[in-house]
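Here is how the chains run, residue by residue.
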Amino acid sequence: MNKDRDHIRYMFDAIAFRYDFVNRALSLRRDVAWRKAMVTALPEGRDLRVLDLATGTGDVTLAIRKARPCARVIGADVAREMLRLSQKKNAPSGSPGGGVVQADAAVLCWRESAFDVVTVAFGVRNFTELDAGLREMHRVLRPGGTAIILEFSLPANGMLRAAYLLYFRHLLPRIAGLLSRQPDAYRYLNRSVEAFPYGQDFCDLLRAAGFENIAARPLTLGIATLYTGRKG
Ligand SMILES: C[S@@+](CC[C@H](N)C(=O)[O-])C[C@H]1O[C@@H](n2cnc3c(N)ncnc32)[C@H](O)[C@@H]1O
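Residues numbered from 1 in each chain as written. Predicted model: local features only at pLDDT ≥ 70, side-chain atom pairs only at ≥ 80, totals over all residues.

**Student:** Help me out: how do you make sense of the pairing of strand 4 (residues 115–121) in this one?
**Tutor:** The two faces of the sheet receive side chains in turn, since in a regular strand these alternate between them. In terms of residue burial, strand 4 counts as a mostly covered element, since 7 of its 7 residues are buried. When strand 4 meets strand 5 (residues 141–152), the two strands line up parallel, connected through 6 bridges. Note on strand 5: the bridge partner recorded for F115 is L141. (Buried ≥ 20, exposed ≤ 12 C-beta atoms within 10 Å, placed from the backbone. Helix = DSSP H or I, 4+ residues; strand = E, 2+ residues; numbered from the N terminus. Pairing = 2+ DSSP bridges.)

Structure follows, in structure tokens:
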């Protein structure tokens, strides 16, 4: 389920103006709690250097800045319109040395060991080159640094998964299409989630990219999973 880079960029720019509203509505605000769980996984430290990849409209950068006002948080994304909204939302909270950068996860412009933490929420599933993106995350982390990744997954319980898939395949794309006025983007959502590795399979990809101490924590019955990994 790999769409090419320009298509991904175009798709997210097209839904940018309704992205936050649709997220909150479809997840019944669980997305806010999931990003808070990401923040609780941050390592100790007052002035962490954080890169939030696939930052979108900047909800993760905002949550990190709230929790760690001294952190230097940079948001990177391929989609210009998403970045523009992120900049607008993040402006009041400011960030010394932070900001937004248009960048593709597969070819990051930062030097090795530039960050203490790299975060990605609901982004890795969209990377056109997933392995390259994970390797780049590892490269720009300092030794001992932490990657925190939030991504959709499917419930492990068979009955729950069947019920969720019914909603996810048939109801969600219709509601989201109406709310966003971009039905294609939300037909892509359930297909991309179902095709994407999760749980142990995703942990294996993190290991192959060089990460150690990998952990996966299912959230909300397993419809999302929080992964953490360390650079040795
Ligand atoms: C579902 S949104 C997630 C946005 C945000 N992280 C959040 O929590 O709401 C996925 C984002 O990934 C970005 N993206 C997709 N492929 C990317 C890539 N190769 N490099 C950087 N960003 C990418 C898209 O432009 C989009 O803004």
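Back to the text.
**Student:** When you look at the site of the ligand in this model, what are you seeing that I'm missing?
**Tutor:** Taken together, 22 residues lie around the ligand, and A54, G56, A79, A105 and A121 are the ones closest in. Mapped onto the shell around the ligand, the elements with two or more residues apiece are helix 1 (5–27) and helix 3 (59–67). Ranked by residue count, the leading element in the shell around the ligand is helix 1, at 3 residues. Here the residues of the shell around the ligand sort into 13 nonpolar, 5 polar and 4 charged. (Near = placed C-beta within 6 Å. Nonpolar A, V, L, I, M, F, W, Y, C, P; charged D, E, K, R; others polar.)

**Student:** How should I be thinking about the nonpolar core in this particular structure?
**Tutor:** Inside soluble globular proteins, nonpolar side chains tend to come together where they are buried. With 46 residues, the main nonpolar core has L51, L53, V118 and L150 as its most contacted residues. Per element, the largest residue contribution to this core is 6 residues, and it comes from strand 5. Apart from residues no more than four positions distant in its own chain, L53 is found in contact with A76, A105, V118, V120, G123 and M137. Residues A16, V78, L83 and A176 belong to the second largest nonpolar core, which totals 14 residues. (Core = buried A, V, L, I, M, F, W, Y, C linked by C-beta atoms within 7 Å. Contact = placed C-beta atoms within 7 Å.)

**Student:** Before we go on, may I ask you to explain the sheet that holds strand 5 in this structure?
**Tutor:** Within a sheet, adjacent strands bond to each other through the backbone by hydrogen bonds, running parallel or antiparallel. The 7 strands lie next to each other as 3-2-1-4-5-7-6, forming an open sheet whose pairing is mixed. In this open sheet, the two edge strands, each paired with only one partner strand, are strand 3 (99–102) and strand 6 (211–219). Strand-to-strand twist across the sheet, computed as the mean angle between neighbouring axes with direction ignored, equals 20 degrees. Packing of helix 5 (residues 130–140) onto the sheet brings it into contact with strand 1 (49–53), strand 4, strand 5, strand 6 and strand 7 (224–231), and relative to strand 5 it is tilted by some 145 degrees. (Axes fitted to C-alpha atoms, helices over the stretch in contact; angles between N-to-C directions.)

**Student:** Please clarify how helix 5 should be interpreted in this entry.
**Tutor:** One turn of the α-helix equals 3.6 residues, which is why residues spaced by three or four share an orientation. For helix 5, the full list of buried residues reads G133, L134, E136, M137, H138 and V140. Lining the buried residues of helix 5 we find strand 1, strand 4, strand 5, helix 8 (200–208), strand 6 and strand 7.

**Student:** Could you clarify how one ought to interpret helix 2 (residues 30–40) in this entry?
**Tutor:** By the burial criterion, the buried members of helix 2 are D31, W34, R35 and M38. Relative to the axis of helix 2, the buried residues are bounded by an arc of 95 degrees and lie together on one face. Of the residues in helix 2, the exposed ones pointing more than 90 degrees away from the buried face are K36 and T40. Of the surrounding elements, those touching the buried residues of helix 2 are helix 1, helix 3, strand 4, strand 5, strand 6 and strand 7. (Arc of directions from axis to C-beta.)

**Student:** Help me out: how do you make sense of unusual backbone geometry in this one?
**Tutor:** If a residue is not glycine, its phi is most likely negative; likewise, a peptide bond is most likely trans. Located in the positive-phi region is F122, a residue other than glycine, with phi close to 55 degrees. As for its position among the elements, F122 is in the loop between strand 4 and helix 5. For F122, a count of 21 C-beta atoms within 10 Å puts it in the buried group. One non-glycine residue with positive phi stands out, namely N213, at about 45 degrees. A residue is classified by how many C-beta atoms lie within 10 Å of it, and N213, with 10 of them, is exposed.

So far we have only geometry, and geometry alone does not tell us how the molecule works.
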